[in-house]
Amino acid sequence: GEPLLTTESVPFADVAVVASDVIIEPDGTWVLYFHTWQTSSLANGEGVIGRATAPNPLGPWTVDSASLIFIY
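Rules of the game
- Residues numbered from 1 in each chain as written.
- Predicted model: local features only at pLDDT ≥ 70, side-chain atom pairs only at ≥ 80, totals over all residues.
- Heavy atoms only, no water.
- Pairing = 2+ DSSP bridges.
- Helix = DSSP H or I, 4+ residues; strand = E, 2+ residues; numbered from the N terminus.
- Core = buried A, V, L, I, M, F, W, Y, C linked by side-chain atoms within 4.5 Å.
- Buried < 20%, exposed > 50% of the residue type's maximum accessible area, 1.4 Å probe, protein only.
- Salt bridge = Lys/Arg side-chain N within 4 Å of Asp/Glu carboxyl O.
- Contact = heavy atoms within 4.5 Å.

A separate point is the pairing of strand S2 (residues 30-37). When strand S1 (residues 16-24) meets S2, the two strands line up antiparallel, connected through eight bridges. Residue pairing in the sheet places Val17 in a bridge with Thr36 of S2. Hairpin connection, S1 to S2: the antiparallel pair is bridged by five residues, and Gly28 has positive phi, about 95°. Bridge count for S2 against strand S3 (residues 47-54) is six bridges, and the pairing is antiparallel.

Another point: unusual backbone geometry. For the bond running from Gly59 to Pro60, omega is 5°, close enough to zero to count as cis. Counting through the fold element by element, Pro60 comes out in the loop between S3 and strand S4 (62-63).

Glancing now at the nonpolar core. Counting residues in each nonpolar core, the largest one holds 12 residues, listed as Leu5, Val10, Phe12, Ala13, Val17, Leu32, Phe34, Val48, Ala52, Ala54, Trp61 and Val63. Those elements giving two or more residues to this core turn out to be S2 and S3. Among the elements that make up this core, the one with the highest residue count is S3 (three residues).

Our next topic: the pattern of salt bridges. Here the structure, examined in full by the defined rule, presents one salt bridge. Across the salt bridge formed by Asp64 and Arg51, the nearest N and O atoms sit 2.8 Å from each other. Of this pair, Asp64 sits in the loop between S4 and strand S5 (69-71) while Arg51 sits in strand S3, and the two are 13 residues apart along the sequence. Arg51 gets classed as partly exposed once you look at its relative accessible area, which sits at 25%.

Let us now look at the environment of Gly50. The residue Gly50 is located in strand S3 in this model. In this structure Gly50 comes out as buried when scored by relative accessible area, which is 0%. With 17 residues separating them along the chain, Gly50 and Tyr33 place their C-alpha atoms 5.8 Å apart. Ignoring anything within four residues of it in the chain, the contact list for Gly50 reads Phe12, Leu32, Tyr33, Phe34 and Leu68.

In structure tokens:
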């Protein structure tokens, strides 16, 4: 089917977005943690960890405006 997130929907994703983990908050909010690839170089694995929330697994998903952690 359709992806939950794309590089167009994540303002700080340059090359790719990969979903990692999902938790469900006590109020029923779905929280998705994901990481991005900022370069297509396999030798340089720069990226960020981000977060998105939704009322259910089908969305709509709202991406936080800033990344949580920069990784490299």
